[in-house]
Amino acid sequence: MTEEKLKSILEEKSVKIFCDSHWLITNNVYIRSGATKDVLVFKNRGFVIKCDKRKSYSERSYCHLEAENYSKAVNMGIEKILLPTTIFCTANDGTIFYKQPIYKGDAHFDKEEVNTRAQYLEEAEKREYRINKLVNLFCDSYAIGRNQEWMARAIQYYGYKFMRKVAKWTFLNDINDLHPGNVGYIGNYRPIILDYSGYYGF
């Protein structure tokens, strides 16, 4: 199925696609849901499709906030730590679908990356003070503080100065929900942020 074909289906079906079990099974698509977004995950494709939870859950467009925050990150020169979120299409009922590249979860590290990770975990203990100092600069130090390994690798990969800019970006845009489920890694154990809309309730 081409991206253009997918767009036409989403434009017609909108959020009803999440209830169309025949289409989901036929096209090897499964659903992931968080507190604010629903996600269509396609097998063997390099992206996912996101949309906001149904309006009965929230009147706030968290996907739109995420796309806006990505643009602001570009302006600050820190977008390389983010998985980009961009508009994919708009359904006939006005629902906007967003596209984001997939990321590599912990279970999918190859052997070399596992070894790199193990070595860095030992180094991370030596950097604990520096990590905690940086954590306190983030909008929600409690949420990001639960990601000690991720933060340690981010400092190593991007540099301390760069991560200070990321911390400033979270404050300026009230990105307060960078718990372990909203960060991850892609190839070569590169740390990324995959959900950066923040959370403000329903």
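In the block above lies the structure referred to throughout.
What you see is a predicted model; the values in this text were computed from it and never measured.

Chemist: What am I meant to see in the overall build of the chain here?
Modeler: Across its full length, the chain carries 8 helices and 7 strands. A separation of at least 24 residues holds for 60% of the contacts in the chain among residues at least 6 apart in sequence. Of the roughly 10,800 Å² that the chain leaves accessible, carbon and sulfur atoms contribute 50%.

Chemist: Explanation requested: helix α1 (residues 3-13) in the structure shown.
Modeler: In an α-helix, one turn spans 3.6 residues; hence positions three or four apart end up facing the same way. Taken residue by residue, α1 has Leu6, Ile9 and Leu10 as its buried positions. Around the axis of α1, the buried residues are gathered within 95° of arc, so they sit on the same side. Residues of α1 that are exposed and point over 90 degrees away from its buried face: Glu4 and Glu12. Following α1 by one or two positions, Ser14 adopts a phi angle in the positive range, close to 55°.

Chemist: Explain helix α8 (residues 160-172) to me, please; I cannot follow it from the model alone.
Modeler: Taking 1.5 Å of rise per residue, 13 residues should cover 18 Å, and α8 covers 19 Å from first to last C-alpha, within 8% of that figure. Asp174 sits one or two residues past α8 and shows a positive phi near 55°.

Chemist: Looking at this model, I keep getting lost on the sheet that holds strand β5 (residues 96-101). Mind explaining?
Modeler: Two modes of strand pairing occur in sheets, parallel and antiparallel, and in both the strands are linked by backbone hydrogen bonds. Strand order in this open sheet of 5 strands is β1-β2-β3-β5-β4, and the pairing throughout is antiparallel. The open sheet is flanked by β1 (29-33) and β4 (86-90), the only strands paired with a single partner. Averaged over all pairs of adjacent strands, the angle between their axes in this sheet comes to 30°, without regard to strand direction. Taken together, the 5 bridges between β1 and strand β2 (residues 37-42) define a ladder with antiparallel strand orientation. Its bridge partner lying in β2, Tyr30 is registered against Val41. Contacts from α1 reach β2, β3 (47-52), β4 and β5 within the one sheet, and its direction differs from that of β4 by about 60°. Here helix α3 (residues 62-76) sits on the sheet in contact with β2, β3 and β5, set at roughly 125° to β3.

Chemist: Looking at this structure, I do not really get the packing of aromatic side chains. What am I missing?
Modeler: Each aromatic ring pair is summarised here by two numbers: the centre-to-centre distance and the angle between the ring planes. Within this structure, the stated rule accounts for 5 aromatic pairs. Arranged with centres 5.1 Å apart and planes meeting at 20°, the rings of Tyr158 and Phe162 form a pair that is stacked. For the pair shown, Tyr158 and Phe162 are each scored as buried. These aromatic residues form a ring-pair network of at least three members: Phe42, Phe47 and Phe88. The ring of Phe88 carries the charged tip of Lys7 above its face, separated from the ring centre by 5.2 Å.

Chemist: Which parts of the structure should I look at to understand unusual backbone geometry?
Modeler: A positive phi angle, near 55°, is found at Ser14, a position not held by glycine. For Ser14, the location among the structural elements is in the loop between α1 and α2 (21-26).

Chemist: Would you explain the pairing of β4 in this entry?
Modeler: Where a strand is regular, its side chains alternate between the two sheet faces. As defined by bridge partners, β4 adjoins β5 across 4 bridges and the pair is classed as antiparallel. Directly across from Thr90, in β5, lies its bridge partner Ile96. In this structure, the hairpin formed by β4 and β5 is closed by a connection of 5 residues, where Gly94 is found at a positive phi of approximately 95°.

Chemist: What should I look at first to understand the pattern of salt bridges in this one?
Modeler: A side chain of one charge can pair with a side chain of the opposite charge if their charged atoms are brought near each other. Summed over all chains, the structure comprises 6 salt bridges. With a shortest N-O distance of 3.7 Å, Glu4 and Lys7 are connected by a salt bridge. Of this pair, Glu4 and Lys7 both sit in helix α1, 3 residues apart, which is roughly one turn of that helix. Residue Glu4 is classed as exposed on the basis of its relative accessible area, which comes to 56%. A relative accessible area of 22% means that Lys7 is categorised as partly exposed. One salt-bridge network, in which partners are shared between bridges, spans Lys37, Lys50, Glu66 and Asp195.

The rules behind each value
Residues numbered from 1 in each chain as written. Predicted model: local features only at pLDDT ≥ 70, side-chain atom pairs only at ≥ 80, totals over all residues. Heavy atoms only, no water. Helix = DSSP H or I, 4+ residues; strand = E, 2+ residues; numbered from the N terminus. Contact = heavy atoms within 4.5 Å. Areas by Shrake-Rupley, 256 points an atom, 1.4 Å probe, with all protein chains shown as cover. Buried < 20%, exposed > 50% of the residue type's maximum accessible area, 1.4 Å probe, protein only. Arc of directions from axis to C-beta. Expected span 1.5 Å × (residues − 1). Pairing = 2+ DSSP bridges. Axes fitted to C-alpha atoms, helices over the stretch in contact; angles between N-to-C directions. Phe/Tyr/Trp six-rings, centres within 6.5 Å; stacked < 30°, edge-to-face > 60°. Lys NZ or Arg CZ within 6 Å of the ring centre and 35° of its normal. Salt bridge = Lys/Arg side-chain N within 4 Å of Asp/Glu carboxyl O.

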